[in-house]
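# Structural description and commentary
Here's the letter readout for the chains.
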Amino acid sequence: MKIGKHKVVSFNYTLTDNNGEVIDSTEGQKSLAYIHGAGTLKAALENKMTGKQADDAFQVTVQPEDAYGIPDASLIKEVSRDLFGDIEQIEAGMQFQTKSGDVAEMVTVVAVGDKTVTVDCNHPLAGITLNFDIHVVDVRDATPEEMTHGHIHEQGDHQHK
Ligand code: ZN
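In this text the structure is predicted, and so the values were computed from the model without any measurement. (Residues numbered from 1 in each chain as written. Predicted model: local features only at pLDDT ≥ 70, side-chain atom pairs only at ≥ 80, totals over all residues. Heavy atoms only, no water.)

Time to look at the overall build of the protein chain. Scanning the protein chain from N- to C-terminus turns up two helices and nine strands. For 161 residues, the compact-globule formula gives about 15 Å, and the C-alpha radius of gyration of the protein chain, at 20 Å, lies well above that figure. If you line up the protein chain on its principal axes, its C-alpha atoms span 60 × 40 × 30 Å. When each of the 161 residues of the protein chain is scored for burial, the buried share is 31%. The contacts of the protein chain with a sequence gap of at least 6 include a subset with a gap of at least 24, amounting to 61%. Carbon and sulfur atoms provide 47% of the accessible area of the protein chain, an area that totals close to 10200 Å². (Helix = DSSP H or I, 4+ residues; strand = E, 2+ residues; numbered from the N terminus. Rg over C-alpha atoms; globule rule 2.2 N^0.38 Å. Buried < 20%, exposed > 50% of the residue type's maximum accessible area, 1.4 Å probe, protein only. Contact = heavy atoms within 4.5 Å. Areas by Shrake-Rupley, 256 points an atom, 1.4 Å probe, with all protein chains shown as cover.)

As structure tokens, then:
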């Protein structure tokens, strides 16, 4: 069965940057499963999955502009140290989850001063070329219920009705 719209696809992957550093991987974990065409994957990746089938192995390179964007210098800001509340040790390289409205984002500490902290609000993967090594494990039809919910159901890990 070939990957196409509304197929449930399970795959293993290793994600590396252009220096060969592993950013993420399913190795030792469950395969990642998604409904093809439901907008779960980045389009640049999903497009390359189309037409593949179980046991296919291939590589996909996703440029930063199709992934997490190009770093924006205006997103590097100086903020009051008070925003970090009780956290005593703040060091360059630390990452914090912030919430503005409903949007959670990850900020990275660039520099620490006496009263202020310089933070980079760009996505940690902004500017990074994503190299995926993909191995398709399984392709099946989505069930009508999965189509209605827009996500996959696997035995034992889906409680809602
Ligand atoms: Zn559901």
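Structure's up, so let's keep going.
Within the secondary structure, Thr 26 sits in the loop between β2 (22-25) and β3 (32-35). Polar side-chain contacts of Thr 26 include one of 2.9 Å to the backbone nitrogen of Tyr 13. Not counting the four nearest positions on each side in its chain, Thr 26 is found in contact with Phe 11, Asn 12, Tyr 13 and Leu 32. (Polar contact = N/O pair within 3.5 Å; in protein donor to acceptor, adjacent residues only side chain to side chain.)

Another aspect to go through is the domain arrangement of the protein chain. Assigned domains of the protein chain: these are domain 1 (7-67 + 126-149) and domain 2 (73-120). Using C-alpha coordinates to define each centre, domain 1 is positioned 32 Å away from domain 2. (Domains from an automatic or database assignment.)

Attention shifts here to the side chain of Thr 108. Topologically, Thr 108 is positioned in strand β7 (residues 103-112). Judged by its relative accessible area of 19%, Thr 108 falls in the buried class. Of the polar contacts made by the side chain of Thr 108, one reaches the side chain of Gln 95; its length is 3.2 Å. Setting aside residues no more than four positions away along its own chain, Thr 108 makes contact with Gly 93, Met 94, Gln 95, Thr 118, Val 119 and Asp 120.

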